[in-house]
Amino acid sequence: MRCADGTLYTGVTTDVKRRLYEHNHLDKKGAKYTKTRRPVSLLVKQSYLSRSEAQSAEYKFKKLPRAKKLKRIEEWISLQDMK
């Protein structure tokens, strides 16, 4: 997700639509990080076979420098546009 201040937020969920709503509207359900950076918008979503696999991918993504994260996001968006 991209926050209003331009920062990026990554998370794992089973319901993307619900989680996006929580980040933008609910103080008790949304992350502390996004609470002060609203609104947030969904950039990319990825599907994984298990929560463990998703959390592993999230961890690897979070370790990347910002420039590489943005490049990866661009690649994922262009792949989604091709579908």
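Residues numbered from 1 in each chain as written. Predicted model: local features only at pLDDT ≥ 70, side-chain atom pairs only at ≥ 80, totals over all residues. Heavy atoms only, no water.

## As for the environment of R72
- Looking at the element boundaries, R72 is found in helix α4 (residues 66-82).
- For the pair R72 and F61, spaced 11 residues apart in sequence, the C-alpha separation works out to 9.0 Å. (Helix = DSSP H or I, 4+ residues; strand = E, 2+ residues; numbered from the N terminus.)

## Thoughts on the nonpolar core
- L8, V44, F61, L64, I73 and W76 together form the largest nonpolar core, which totals 6 residues.
- When near neighbours in sequence (up to four residues on either side) are disregarded, F61 contacts T10, K69, R72, I73 and W76.
- Listed in part, the 5 residues of the second largest apolar core include M1, C3, Y9 and A31. (Core = buried A, V, L, I, M, F, W, Y, C linked by side-chain atoms within 4.5 Å. Buried < 20%, exposed > 50% of the residue type's maximum accessible area, 1.4 Å probe, protein only. Contact = heavy atoms within 4.5 Å.)

## Overview of the confidence of the model for the chain
- Looking at the chain, pLDDT values average 94 and 99% of them are 70 or higher.
- Averaged over each element, pLDDT in the chain is lowest for α4 (92) and highest for helix α3 (residues 51-63) (98). (pLDDT = per-residue confidence, 0-100.)

## Structural notes on the environment of L43
- Mapped onto the secondary structure, L43 falls in the loop between α2 (32-35) and α3.
- Distance in space between the C-alpha atoms of L43 and M1 is 5.3 Å, their sequence separation being 42 residues.
- Look past the residues within four positions of L43 in its chain and what remains in contact with it is M1, R2, L8, I73 and I77.

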